[in-house]
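Given next are the chains, with one letter for each unit.
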Amino acid sequence: MDPALPATAWQRLGEYLRETQLLGSIQSTLYWDQNTSMPLSGACWRGEQLSLLARHLHARQSSKHFEELLFEAKIELKDSSKAGEFDGEQLTDRFRNIELLEQDLNRQKNLDPNLVGEIATAKAEGYNRWQEARANADFLFFAPALKNLIALRTEQARQLAEPRSCWETLAQPFEPDLTIARLQDLFAPLRRRLPELLEKVAASTNSSRACKWELSEESQQVLCQRLLDEWGRDKNITSLSKSPHPFSITLGPKDFRLTSRVVPGQPLSCFLATAHEWGHSLYEQGLPSLSHQWFAWPLGQATSMAVHESQSLFWENRVARSRAFSERFWPHFADQGAPLECALDLWRAMNPMTPGLNRVEADELSYGLHILIRTDLEIDLLERGMEVEELPTEWNNRYADLLGVRPKNDREGCLQDVHWSEGQFGYFPSYLLGHLISAQLAEAMRIDLNDSALDDDSISHCIRTGQESILLSWLRKKVHTYGRQINAEVLVEKVTGNPLASSAFLNYLEEKLVQLLSFS
């Protein structure tokens, strides 16, 4: 922009959003530090830091000045539209940005600033208590923090006053337009079929079991670094750290962080978690970054967490757990000391079909049941009167009923996930929705790439020959480009030609199960 010319309303709004995003990225950086290297005793001060930032962010996102900037930009855009200054796509994108900003503004204006600060403080305290409670397998130590977070989030939903239930309101930032009724409709076939498939595995003498061998932490880290290098990691914009719970986070337009963890007795956990979190990071790296959709604008943000999870699950399950990947990568595991004699050994180790207690370590078949349990429990906590003190018992009973396993302590049970310690109610369904989306997108990808005459099994061909960049290019073009233009279900139908359903995921599981059970 020529400094001699006055800034347009659109430019003034963009600069305001950029400064807001800078504050948000500082908040994210503190969160990343809290999870990776902050000493335990720093939690109280960190809570105050995050609370202060949350109040400042809320003030900016709900201020009269922001409302005026948004109004002026909208008027200017309407005038530009009449004058024919932008083409149709540019206008559509700009008006969609304005629409989303107005939605976000209205949500922020409805919230009491004191509540925003209290939630930020409660999240920091909740995370600190969760860490200690998890280490000591002591749910009662965490229970007061969880009660407080439920009360605060319930008040947040009340203040937002949306035409949705409490749980649905809290789920909107993760999954726009999601309702409990639609969720139950999508999940109903999974509730019926997944337990049947587990029974089929249990009856087979050929079902895969968990690894009985171990790899050193150093070897696991070497393998993770090699994986990222082969998948095109740019070390100038990414970093890999350790944390109690794996996650991926974006701290700036060229600053993408991911974390993993080494789990004793689980030699593939770190590797698969790294593949999963790298899928998240690839999605963030591929979101729109044009001048009108840059880092700070809504259209530069993820469509939803289910779409986000579909990308991480694609790289973890469709790629890293595939037989084609094992054929290419198994020698690297053998070089690091894994007792493997062929690709089949690694493939079976990557795909144990044995129900377990831990969601993060779960196989593809039983994973969905872990999510169904969590989703039902948090709806019960928020909407159906379940007491926090009942959570461990309810958790354990539902695991026994659905998965046939029972936790020995709270660490193995209801303390294993970080989400509720941060009041992230409504997030868990995104994981299972992500499985459904990933399966449907992969089927469309396979058809498109087959049309390009790559191979009869196009996705496997790309993986086997180290051409995962072809898969990434398809995702960049078909999925990553949308940002928040549309919601997840509209995206799926636009890309695949069909409404979101569970059928593609169940078909994929059944086909893979046949292959795994055919080997002794």
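Residues numbered from 1 in each chain as written. Predicted model: local features only at pLDDT ≥ 70, side-chain atom pairs only at ≥ 80, totals over all residues. Heavy atoms only, no water.

(A) Layout of unusual backbone geometry. Positioned with a positive phi, alanine 161 is a non-glycine residue whose angle comes to about 55 degrees. Tracing the chain through its elements places alanine 161 in the loop between helix 6 (139–160) and helix 7 (166–171). In this structure, aspartate 177 takes a positive phi of about 75 degrees despite not being glycine. By the secondary structure assignment, aspartate 177 is in the loop between helix 7 and helix 8 (180–202). (Helix = DSSP H or I, 4+ residues; strand = E, 2+ residues; numbered from the N terminus.)

(B) Fine view of the packing of helix 9 (residues 217–230) against helix 12 (residues 323–335). At a minimum axis separation of 11 Å, helix 9 and helix 12 run at an interaxial angle of 140 degrees. Here helix 9 lies oblique to helix 12, going by the angle between them. Crossing of helix 9 over helix 12 shows right-handed handedness. Facing helix 9, whose interface residues are Leu223, Arg226, Leu227 and Glu230, helix 12 presents Phe325, Arg328, Phe329, His332 and Phe333. (Axes fitted to C-alpha atoms, helices over the stretch in contact; angles between N-to-C directions. Parallel < 35°, antiparallel > 145°, perpendicular 65-115°, else oblique. Left-handed = near helix turned anticlockwise from the far one by under 90°. Contact = heavy atoms within 4.5 Å.)

(C) Focus on helix 5 (residues 113–136). Between its first and last C-alpha atoms helix 5 spans 35 Å; for 24 residues at 1.5 Å apiece the expected length is 34 Å, and the two agree. Listed as buried for helix 5 are Leu115, Val116, Gly117, Ile119, Ala120, Ala122, Ala124, Gly126, Tyr127, Trp130, Ala133 and Arg134. Summarising the contacts, the buried residues of helix 5 are in contact with helix 1 (9–36), helix 2 (43–62) and helix 6. Regarding helix 5, its N-cap is aspartate 112, as a side-chain oxygen of that residue lies 2.8 Å from the backbone nitrogen of asparagine 114 further along. Trailing helix 5 by a residue or two, alanine 137 shows a phi angle of about 50 degrees, which is positive. (Expected span 1.5 Å × (residues − 1). Buried < 20%, exposed > 50% of the residue type's maximum accessible area, 1.4 Å probe, protein only. Polar contact = N/O pair within 3.5 Å; in protein donor to acceptor, adjacent residues only side chain to side chain.)

(D) Broad picture of the packing of helix 9 against helix 10 (residues 269–286). In contact at an axis separation of 9 Å, helix 9 and helix 10 are set at 30 degrees when each is read in the N-to-C sense. Of the possible angle classes, the one that applies to helix 9 and helix 10 is roughly parallel. In the packing of helix 9 onto helix 10, the handedness of the crossing is right-handed. Residues Gln220, Leu223, Cys224, Leu227 and Leu228 of helix 9 form the contact with helix 10, whose own contacting residues are Cys270, Phe271, Thr274, Ala275 and Trp278. Taken together, the residues that form the contact of helix 9 with helix 10 break down as eight nonpolar, two polar and no charged. (Nonpolar A, V, L, I, M, F, W, Y, C, P; charged D, E, K, R; others polar.)

(E) Looking closely at the state of the cysteines. For the structure on display, the rule yields zero disulfides. Of the cysteine sulfurs around cysteine 270, a residue in no disulfide, the closest is that of cysteine 224, at 3.6 Å. Cysteine 270 gets classed as buried once you look at its relative accessible area, which sits at 6%. (Disulfide = S-S within 2.5 Å.)

(F) Broad picture of the sheet that holds strand 2 (residues 248–252). An order of 1-3-2 is seen for the three strands of this open sheet, with the pairing classed as mixed. Edge strands, defined here as strands with exactly one partner in the open sheet, are strand 1 (238–242) and strand 2. Strand-to-strand twist across the sheet, computed as the mean angle between neighbouring axes with direction ignored, equals 25 degrees. In the sheet, strand 2 pairs with strand 3 (residues 255–260) via four bridges, with the strands oriented antiparallel. When the bridges of strand 3 are listed, threonine 250 appears paired with phenylalanine 256. Relative to strand 2, helix 1 is tilted by about 140 degrees, and along the sheet it contacts strand 1, strand 2 and strand 3. (Pairing = 2+ DSSP bridges.)

(G) Region of the structure containing the environment of serine 80. Tracing the backbone through its elements, the reader meets serine 80 in helix 3 (residues 64–82). With near-sequence residues (within four places) excluded, serine 80 lies in contact with Glu85 and Phe86.

(H) Inspection of the side chain of aspartate 417 at higher detail. Looking at the secondary structure, you find aspartate 417 in the loop between helix 15 (391–402) and helix 16 (429–451). Relative accessible area serves as the criterion here: at 7%, aspartate 417 is assigned to the buried category. Residues within four places of aspartate 417 in sequence aside, it is in contact with Trp130, His245, Arg359, Arg374, Trp395 and Phe428.

(I) Region of interest: the packing of aromatic side chains. Throughout the structure, instances matching the rule amount to 20 aromatic pairs. For arginine 129, the ring lying beneath its charged end belongs to phenylalanine 141, and the centroid distance is 4.2 Å. Over the ring of tryptophan 32 we find arginine 257, and its NZ or CZ is 4.5 Å from the ring centre. (Phe/Tyr/Trp six-rings, centres within 6.5 Å; stacked < 30°, edge-to-face > 60°. Lys NZ or Arg CZ within 6 Å of the ring centre and 35° of its normal.)

(J) The arrangement of the environment of phenylalanine 329 in detail. Considering the arrangement of structural elements, one finds phenylalanine 329 in helix 12. Of the residues examined, phenylalanine 329 reaches a relative accessible area of 0% and is grouped as buried. Along the backbone, phenylalanine 329 and aspartate 410 are 81 residues apart, and their C-alpha atoms lie at a distance of 36 Å. Once residues lying within four places of it in the same chain are set aside, the contact partners of phenylalanine 329 are Leu223, Arg226, Leu227, Glu230, Phe271 and Leu346.

(K) How the structure looks around the pattern of salt bridges. Evaluated as defined, the whole model comprises 35 salt bridges. For arginine 182, the salt bridge is made with aspartate 185, and the minimal N-O distance between the two is 2.7 Å. Taken together, the residues span about one helical turn, with arginine 182 and aspartate 185 both in helix 8 at a distance of three residues. A residue is classified by how much of its surface remains accessible, and aspartate 185, at 47% relative accessible area, is partly exposed. A salt bridge links glutamate 327 to arginine 323, with the nearest nitrogen and oxygen atoms 3.9 Å apart. Of the two residues, glutamate 327 and arginine 323 both sit in helix 12, four residues apart, roughly one turn of that helix. Using a relative accessible area of 33% as the deciding quantity, one classes glutamate 327 as partly exposed. When salt bridges that share partners are traced, they join Arg226, Glu230, Arg328 and Glu468 into one network. (Salt bridge = Lys/Arg side-chain N within 4 Å of Asp/Glu carboxyl O.)

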